[in-house]
Amino acid sequence: MESEIIEVEIKEILKEKNVVKKAYLFGIYVGLSGHIEWSGWVKEILEEIYREAESKGVYEEVKEAYKEGKELGKRERARRIQLGLMKESEKAKEEEKERITQLGEIKKMSFPIRERMPRFLEGFLGIKLPRFLRGGL
């Protein structure tokens, strides 16, 4: 079954009636897509699945099914990346461009060079090193 992972959309996973199967499929989805499970919408869905499992008395089975599904998804993701079947998403590339742009803006906002700095910001003569310690300058 490992080689036959079928891509399922999140909407289809959430429609699943069997909570153990839902947790397993969601685990595969999270592992395959590389999402972080402890924040955002993934955390909300996982908590919802766990609440449903607790109300039906199958919490431990659901927890184990999610863990197994996530591990299977991670292995499949690594295999696809290794084979070149999976590439960096366009969204990740856009975020990287955004970070690079922001770094460029930060560099533009750096302090002016010393020659352009107003005299009162250069400091007082009394706190400078004596001329003989500065090398006669």
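In case you missed it, the structure is sitting above this.
Residues numbered from 1 in each chain as written. Predicted model: local features only at pLDDT ≥ 70, side-chain atom pairs only at ≥ 80, totals over all residues. Heavy atoms only, no water.

1. Side note on the packing of aromatic side chains
Enumeration according to the criterion identifies five aromatic pairs in this entry. Between Tyr50 and Tyr66 the ring centres are 6.5 Å apart and the planes differ by 80 degrees, which places this aromatic pair in the edge-to-face class. Within this pair, whereas Tyr50 is found in helix α3 (residues 40-56), its partner Tyr66 is found in helix α4 (residues 59-83), the two being separated by 16 residues in sequence. Comparing Tyr50 with Tyr66, the two get one shared label, buried. Grouped by ring-pair contacts, the aromatic residues Phe26, Tyr29, Trp41, Tyr50, Tyr59 and Tyr66 constitute a single cluster. (Phe/Tyr/Trp six-rings, centres within 6.5 Å; stacked < 30°, edge-to-face > 60°. Helix = DSSP H or I, 4+ residues; strand = E, 2+ residues; numbered from the N terminus. Buried < 20%, exposed > 50% of the residue type's maximum accessible area, 1.4 Å probe, protein only.)

2. Quick word on the side chain of Lys22
Summarising the element assignment, Lys22 is placed in helix α2 (residues 19-33). Other than its neighbours up to four places away in sequence, Lys22 contacts Ile13, Leu14, Glu16, Ile49 and Glu52. (Contact = heavy atoms within 4.5 Å.)

3. A closer look at α4
For α4, with 25 residues, the first-to-last C-alpha span of 36 Å sits near the 36 Å given by 1.5 Å per residue. Where α4 is concerned, the buried positions are Val62, Ala65, Tyr66, Gly69, Lys70, Leu72, Gly73, Glu76 and Arg80. Taken together, the buried residues of α4 touch α2 and α3. Just past α4, the residue Gly84 takes up positive phi, approximately 80 degrees. (Expected span 1.5 Å × (residues − 1).)

4. Some thoughts on the environment of Gly73
Note on placement: Gly73 falls in helix α4. For Gly73, a relative accessible area of 0% gives the class buried. Residues Gly73 and Leu25, 48 residues apart in the sequence, show an inter-C-alpha distance of 9.2 Å. Those residues within four positions of Gly73 in sequence are excluded, and the remaining contacts are Ile28, Gly31 and Leu32.

5. Observations concerning the packing of α2 against α3
α3 packs onto α2 with a crossing angle of 160 degrees between their chain directions and a minimal axis gap of 10 Å. The orientation of α2 with respect to α3, classified from their angle, is roughly antiparallel. The chirality of how α2 crosses α3 is left-handed. Across the interface between the two elements, Val19, Lys22, Ala23, Phe26, Tyr29 and Val30 of α2 pack against Trp41, Val42, Ile45, Leu46, Ile49, Glu52, Ala53 and Lys56 of α3. (Axes fitted to C-alpha atoms, helices over the stretch in contact; angles between N-to-C directions. Parallel < 35°, antiparallel > 145°, perpendicular 65-115°, else oblique. Left-handed = near helix turned anticlockwise from the far one by under 90°.)

Interpretation in functional terms is not warranted from these geometric data alone.
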